[in-house]
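Chain and residue survey
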Amino acid sequence: MSELTHAPAQRRSIGGQLLGGSQLVLGAILAALCIAISIAAPQFYSEANIIAILRQCALVLIVASGMTMLIITAEVDLSVGASLAFVGCIGMAVLNSTHSLTLGMLAALAFVGGVGLFNGLVVTRLRVNSLIATIGTMMMLQGGVYLFTREAVQNHNQLASFTDLGAGYVGAVPVPVILAALIFAVAYVTLRFTTLGRYLYAVGANEKAVRLSGLRSERLKLFAFVVTGLCVGVAGMILSSLMNAGQPTAGRGFELTVIAAVILGGTSLLGGRGSLFGTLLGVLVLKVIDNGIIILGWNQDLQMVVPGIVIILATYLDIIRNKANVR
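Remember, predicted model here, so these are calculated numbers, not experimental data.

The grouping of Trp298, Leu302, Val305, Ile309 and Leu313 at the surface amounts to a nonpolar patch, some 480 Å² of accessible area in total. Positionally, Leu302 belongs in helix H13 (residues 302–326).

Remark: helix H3 (residues 80–98) packs on helix H10 (residues 217–243), axes separated minimally by 8 Å, with the N-to-C direction vectors making an angle of 60°. Taken together, H3 and H10 sit at an angle that is classed as oblique. H10 is crossed by H3, and the crossing has right-handed handedness. Here H3 contributes Val80, Ser83, Leu84, Val87, Gly88, Gly91 and Met92 to the contact with H10, which in turn contributes Thr228, Val232, Gly233, Ala235, Gly236, Met237, Leu239 and Ser240. Counted by class, the contact of H3 with H10 contains eight nonpolar, seven polar and no charged residues.

All right, on to the packing of helix H2 (residues 47–72) against helix H11 (residues 254–264) then. Packing of H2 against H11 brings their axes to within 9 Å, and their N-to-C directions diverge by 60°. Crossing hand, H2 versus H11: right-handed. Of H11, the residues touching H2 (which contributes Leu59, Val60, Val63, Ala64, Met67, Thr68 and Ile71) are Phe254, Thr257, Val258, Ile259 and Val262.

Turning our eyes to something else, we now look at the pattern of salt bridges. As enumerated under the stated definition, the model contains seven salt bridges in all. A salt bridge links Arg127 to Glu218; the nearest nitrogen and oxygen atoms lie 3.3 Å apart. Linking Arg127 in the loop between helix H4 (101–124) and helix H5 (130–148) with Glu218 in helix H10, this pair joins segments that are 91 residues apart in sequence. For Arg211, the salt bridge identified is with Glu207, shortest N-O distance 3.0 Å. Taken as a pair, Arg211 and Glu207 lie in helix H9 (residues 207–212) at a separation of four residues, close to a single helical turn. Residue classification places Arg211 among the partly exposed positions, given a relative accessible area of 42%. Several salt bridges share partner residues, and in doing so they unite Glu75, Arg127, Glu207, Arg211, Arg216, Glu218 and Lys221 into one network.

Definitions and cut-offs
Residues numbered from 1 in each chain as written. Predicted model: local features only at pLDDT ≥ 70, side-chain atom pairs only at ≥ 80, totals over all residues. Heavy atoms only, no water. Patch = residues over 30% accessible without salt bridge, like charges linked within 9 Å, V, L, I, M, F, W, Y side chains within 5 Å. Areas by Shrake-Rupley, 256 points an atom, 1.4 Å probe, with all protein chains shown as cover. Salt bridge = Lys/Arg side-chain N within 4 Å of Asp/Glu carboxyl O. Helix = DSSP H or I, 4+ residues; strand = E, 2+ residues; numbered from the N terminus. Axes fitted to C-alpha atoms, helices over the stretch in contact; angles between N-to-C directions. Parallel < 35°, antiparallel > 145°, perpendicular 65-115°, else oblique. Left-handed = near helix turned anticlockwise from the far one by under 90°. Contact = heavy atoms within 4.5 Å. Nonpolar A, V, L, I, M, F, W, Y, C, P; charged D, E, K, R; others polar. Buried < 20%, exposed > 50% of the residue type's maximum accessible area, 1.4 Å probe, protein only.

Here it is, written out as structure tokens:
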């Protein structure tokens, strides 16, 4: 038990200092980007543009909150983009059939919860590497959505509650931003202040010690996979509300943006170290860059190039941080 409680705690103490420094740097980069873009394009600070940025950030942050918990356990899910598209189609189809947003949401969450459970079982029971396992799931979902529907599932009900899910406001704040803030807050409290959060860190830092202490590391990883799936369900329904349809092609490249934001925020791909506040900064940096590319009139294909560059650089920085931990 002492190995479980002290080793990860020591690693988090050292890693926490490094994370704090990296978050300060990330915050400075975010501020510099905002200033530079606003100088080149004054409309950057317009109300409409800020709301657009917040909505885009909300979608990524919802899934990144779950992904952060998963990567902290030293696993990853590359199927979230394909799940996002499929769940939007399923939720919209159920919504059209039942005329009930509640049933549509429940169907969506049940589906992606099942996808997360499947991924978790493949990884924990069959011992398949999570990278390979979720690539396989991604391919099945990308093909499966076209077996489910050959075209977009249009919204035939025009329910006000469904429209509000993506485009509504509470006061001056968009509904997706509120949902993202709530999910982020729950994930933050779980990781920062609960025993469950400490166990998730411990699994990523030293899984052998967790097993020796009598805890079921497989169940903890399974929990993280399912939570990530449920987060995709919420984001998928918001996206289908914004598009007023379930699109089989929606979500392509979404997984790269999510993972890039998480590791840019300082969460280690090796597990055991990470911060949701860092993830939030990572999401903001990536989405501000995306927005800058659009309002400056640059080639929008750069929006796919940037996450790739970020993943490489952030992974290299993660290697440097891990070497510092060893010292």
